[in-house]
Each structure stands twice: as structure tokens, then as C-alpha cells.
Amino acid sequence: DAEITQSPRHKITETGRQVTLACHQTWNHNNMFWYRQDLGHGLRLIHYSYGVQDTNKGEVSDGYSVSRSNTEDLPLTLESAASSQTSVYFCASSEARVAGELFFGEGSRLTVL
Amino acid sequence: EDQVTQSPEALRLQEGESSSLNCSYTVSGLRGLFWYRQDPGKGPEFLFTLYSAGEEKEKERLKATLTKKESFLHITAPKPEDSATYLCAVHPSNDYKLSFGAGTTVTVRA
């Protein structure tokens, strides 16, 4: 069965360190998204990609970057981790560019001390 | 600015006790409204898409309805396995991205 996997599932890091969260999907979807989820907030879009070599900023992109070198993977990098980036991060993919039906990974819980 | 508000924040039900969750939205034109279910420690799972006022969708004990300003998710005769957080998201016609509500956490006791 097709799936979307994230790693690591849990990570603790220190302020200022670079962190990369991996996302791999076998749906063969062109469209991939990174969200963060915090208590009291809805899911907020960080970055998204409509295909290889395409990346776009979402509503909370400061301090984050992504790269898309193939269809399957969209790694999310925190250049210099801050305590405000402590959150649960979800990767998602979709068949349609205008994406309402998203397929989500199981999330990566990041703690920045 | 697009806004999506879900109420209540939490809902505790007895097994078999039907209830409704609300998702009210303010957007400049609606392209679609989506409901997701999220279990603890998991990613959201897509449930329904609604496109226009008056539309209804059903899946097992869940029924979603849509008006011009809000959507309801009705849970009929819930079972403990319906316990989850239910997320609502809207896709405005003038934007590329979804706006998510904060969710309603439903707990169904046996």
C-alpha cells in the first residue's frame, strides 16, 4: 500500500542547531506540504511543493527551508532551531494541486531546548 | 483574513448519545470545506469534502452538512471508537492553501 512516512518521530535538540525532518511518500504525488500543529492552533502551512525543483513559502515559513530533488521526498530543514519551533510537524501529499484531500504522515514531534 | 472556528473545543459523550460539532468560517468565497479525523499521535485522516450550501455527506455514524457560513458534523449513536479530534478546513477561492480550525476533541464513554 502507498504511504507517507516521516522520520524521526521524536527529536530533542538545542537552540541554534540545524535539524532536518524527513518525509517520504510512495503515492507518486507531485504535491507535498509541511504543516506544524500547536495546541490551540489549527494546522499551519510552512512550505509546499508542486513538483521536482519547485518550492513555495507558506504562512509560517520563517526559519524553515525545503528542497525537492525527486518526487518522493520533501525534507524540512530548520536552519537554526529556536524554542518557538517546538511543535509537531506533519508532512502531507495530494494528487490535486488545489489540495483539499491530503494524505498525512504520522508526524514528527520536535522539542527545542 | 480567512477564519475558521470550531466549537466546542471538547465534547464528552456517552455511547449512543448523538451530538453535533460546529465549524464556522469567514472566507472570501468558498472553494471547498473539508473534515478530517485525527487520532492521538497520528496524522489527520480525510473524511469529507463539501462544495456548496445544502450539500450533505455521510460515512457510517458521521454526517457532514454545509451552509453559507458554517458546517456541522453530526455524530449519530457514537461508539467509543469515534473518539478523536475532528478538524475542519476551508479552501477559499482566492487562495492556494487550506485554513484549518483548531479542532474539536470528542470522547465517547462506553
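Residues numbered from 1 in each chain as written. Chains lettered and ligands numbered in written order. Predicted model: local features only at pLDDT ≥ 70, side-chain atom pairs only at ≥ 80, totals over all residues. Heavy atoms only, no water.

A.B. asks: I'd like to hear about the overall build of chain B, residue by residue, with values.
C.D. replies: A count of helices and strands for chain B gives zero helices and eleven strands. The order of α-helices and β-strands along chain B, N terminus first, is β-β-β-β-β-β-β-β-β-β-β. For chain B, the C-alpha atoms occupy an extent of roughly 45 × 30 × 20 Å along the three principal directions. Expressed as a percentage of its 110 residues, the buried residues of chain B come to 47%. (Helix = DSSP H or I, 4+ residues; strand = E, 2+ residues; numbered from the N terminus. Buried < 20%, exposed > 50% of the residue type's maximum accessible area, 1.4 Å probe, protein only.)

A.B. asks: Go over the packing of aromatic side chains with me, naming the residues and quoting the values.
C.D. replies: Using the criterion set out here, one finds ten aromatic pairs over all chains in the structure. Where Trp27 of chain A meets Phe103 of chain A, the ring centres are 4.3 Å apart and the plane angle is 35°; that geometry is what we call tilted. In this pair, Trp27 of chain A sits in the loop between strand E3 (19-25) and strand E4 (31-37) while Phe103 of chain A sits in strand E10 (residues 103-104), placing the two residues 76 residues apart along the sequence. We classify Trp27 of chain A as partly exposed; its relative accessible area is 32%. The structure contains a cluster of three or more aromatic residues connected by ring pairs, namely Tyr35, Phe90 and Phe104 of chain A together with Tyr36, Phe46 and Phe100 of chain B. (Phe/Tyr/Trp six-rings, centres within 6.5 Å; stacked < 30°, edge-to-face > 60°.)

A.B. asks: How would you explain the nonpolar core if you had to name every residue and give the values?
C.D. replies: Burial of nonpolar side chains together is a common tendency in soluble globular proteins. Residues and elements named next belong to chain B. One finds Leu21, Leu33, Trp35, Leu73, Tyr86 and Val106 to be the most contacted residues of the largest nonpolar core, which totals 23 residues. Contributing elements (two or more residues each) for this core: strand E2 (10-14), strand E3 (19-26), strand E4 (30-38), strand E5 (45-50), strand E7 (62-66), strand E8 (70-75), strand E9 (84-92) and strand E11 (104-109). A per-element tally of this core places E9 first, with four residues. Apart from the residues lying within four places of it in its own chain, the contact partners of Leu73 are Ser19, Ser20, Leu21, Trp35, Phe48, Leu62, Lys63, Ala64 and Tyr86. (Core = buried A, V, L, I, M, F, W, Y, C linked by side-chain atoms within 4.5 Å. Contact = heavy atoms within 4.5 Å.)

A.B. asks: Would you mind going over the state of the cysteines in detail, with residue names and values included?
C.D. replies: Residue and element names in this part refer to chain B. For the coordinates displayed, the defined rule picks out two disulfides over all chains. Shown here is the disulfide that connects Cys23 with Cys88, its sulfur atoms set 1.9 Å apart. Between Cys23 and Cys88, the S-S torsion sits near -60°, and that sign places the bridge as left-handed. Linking Cys23 in strand E3 with Cys88 in strand E9, this pair joins segments that are 65 residues apart in sequence. Across the pair, Cys88 and Cys23 agree in class, each one buried. (Disulfide = S-S within 2.5 Å.)

A.B. asks: Pulling in residues and values, what's your account of the sheet that holds strand E1 (residues 3-7) of chain B?
C.D. replies: Residues and elements named next belong to chain B. Taken together, five strands build an open sheet; the order of strands is E1-E3-E8-E7-E6 and the sheet is antiparallel. The open sheet terminates on both sides in strands that have one partner only, identified here as E1 and strand E6 (56-59). With direction set aside, neighbouring strand axes in the sheet form an average angle of 15°. Two elements, E6 and E7, share four bridges in a ladder whose sense is antiparallel. Bridging from a neighbouring strand, Lys57 pairs with Ala64 of E7. (Pairing = 2+ DSSP bridges. Axes fitted to C-alpha atoms, helices over the stretch in contact; angles between N-to-C directions.)

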